[in-house]
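Now for the letters of each chain:
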Amino acid sequence: LALADPVHGAAALALGDPAHGTVAPPGVPLEARASLLAHVPVDAPRAATACDVADELLARGRADRAFALADHVLARRERAGRDHVARAALIAARAAAALAAYRDVEPLARIAQDAGADRVEAQLVVARAAQRAGDLDGAEATLAALHAADPRHAEVAGTYARLLVT
């Protein structure tokens with residue numbers, strides 16, 4: 001783990017090196033892992049870890065930190081790997097929606113889809129963000145298209161039904 005920058009080196013040591021079979025020592029708090037991950041070079045194993053941490057941050061109500069960490073992966077997408085770019089973009093889109101940055105959601109969902117993310121999952125994020133933003137027509141159009149493509153998809157049908165009764 002010899003890195004020229006001592007900050008990167010210290011962060012890499014504290015995180016462990018998944019490429020070499022080492023992981024962060026037990027007890028490193030989530031916020032600390034997020035901070036450390038934001039200071040190390042991104043490669044596929046670290047992108048996977050960053051996505052795991054960002055997902056957990058989002059689940060714990062830290063959309064701001066989740067967005068920043070996912071964005072860190074996206075900014076270095078050429079080294080992260082396509083699957084991790086797709087996941088990071090979806091996390092960033094969900095975090096943007098949680099932060100009421102609704103204009104950012106659709107471009108991030110598009111990046112996720114272009115990187116191979118599930119189209120339905122990405123478009124559900126877009127539809128939910130449109131609904132939160134008050135663009136009920138946009139949300140309905142997105143959900144109608146998803147429902148027309150796969151009327152038996154339970155999550156699409158449920159989201160569409162909830163929109164129609166509001």
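Scroll up to find the structure this text is about.
The notes below deal with the structure included here. Predicted model only: the values in this text are computed from it and were never measured.

Once that is clear, we can look at the overall build of the chain. Within the chain, the regular secondary structure consists of ten helices and zero strands. Burial status across the chain gives 37% buried among its 166 residues. By element, 55% of the accessible surface of the chain is carried by carbon and sulfur atoms, the whole surface being about 8,600 Å².

Right, let's get into the packing of helix H7 (residues 102-114) against helix H8 (residues 119-132). Contact geometry of H7 with H8 gives a least axis separation of 9 Å together with a crossing angle of 175°. On the basis of their axis angle, the class for H7 and H8 is roughly antiparallel. Between H7 and H8, the residues in contact are Tyr102, Val105, Glu106, Ala109 and Gln113 and Arg119, Ala122, Gln123, Val125, Val126, Ala129 and Arg132, respectively. In terms of residue class, the contact of H7 with H8 is built from seven nonpolar, two polar and three charged.

Before going further, it helps to spend a moment on the nonpolar core. Val53, Leu57, Leu69, Leu74 and Val105 are the most contacted members of the largest nonpolar core, which totals 40 residues. The contacts of valine 53, once residues within four sequence positions are left out, are Leu30, Arg33, Ala34, Leu37 and Leu69. Judged by nonpolar contacts, the second largest core, of ten residues, contains Leu124, Ala127, Ala139 and Val156.

Before going further, it helps to examine the pattern of salt bridges. Tallied over the full model, the rule gives ten salt bridges. When the shortest N-O distance is used, the salt bridge between glutamate 31 and arginine 65 registers 2.4 Å. Of this pair, glutamate 31 sits in helix H2 (residues 30-37) while arginine 65 sits in helix H4 (residues 63-75), placing them 34 residues apart in sequence. Glutamate 31 sits in the partly exposed class, given a relative accessible area of 28%. With a shortest N-O distance of 2.9 Å, arginine 128 and glutamate 155 are connected by a salt bridge. In this pair, arginine 128 sits in helix H8 while glutamate 155 sits in helix H10 (residues 154-164), placing the two residues 27 residues apart along the sequence. Three or more residues joined by partner-sharing salt bridges are found here, namely Glu31, Arg62, Asp64 and Arg65.

Here we take up the environment of alanine 95. Mapping alanine 95 onto the fold places it in helix H6 (residues 82-98). It is 9.6 Å that separates the C-alpha atoms of alanine 95 and leucine 57, two residues lying 38 residues apart in sequence.

Cut-off values and rules
- Residues numbered from 1 in each chain as written.
- Predicted model: local features only at pLDDT ≥ 70, side-chain atom pairs only at ≥ 80, totals over all residues.
- Heavy atoms only, no water.
- Helix = DSSP H or I, 4+ residues; strand = E, 2+ residues; numbered from the N terminus.
- Buried < 20%, exposed > 50% of the residue type's maximum accessible area, 1.4 Å probe, protein only.
- Areas by Shrake-Rupley, 256 points an atom, 1.4 Å probe, with all protein chains shown as cover.
- Axes fitted to C-alpha atoms, helices over the stretch in contact; angles between N-to-C directions.
- Parallel < 35°, antiparallel > 145°, perpendicular 65-115°, else oblique.
- Contact = heavy atoms within 4.5 Å.
- Nonpolar A, V, L, I, M, F, W, Y, C, P; charged D, E, K, R; others polar.
- Core = buried A, V, L, I, M, F, W, Y, C linked by side-chain atoms within 4.5 Å.
- Salt bridge = Lys/Arg side-chain N within 4 Å of Asp/Glu carboxyl O.

Distances and angles like these do not, on their own, reveal function.
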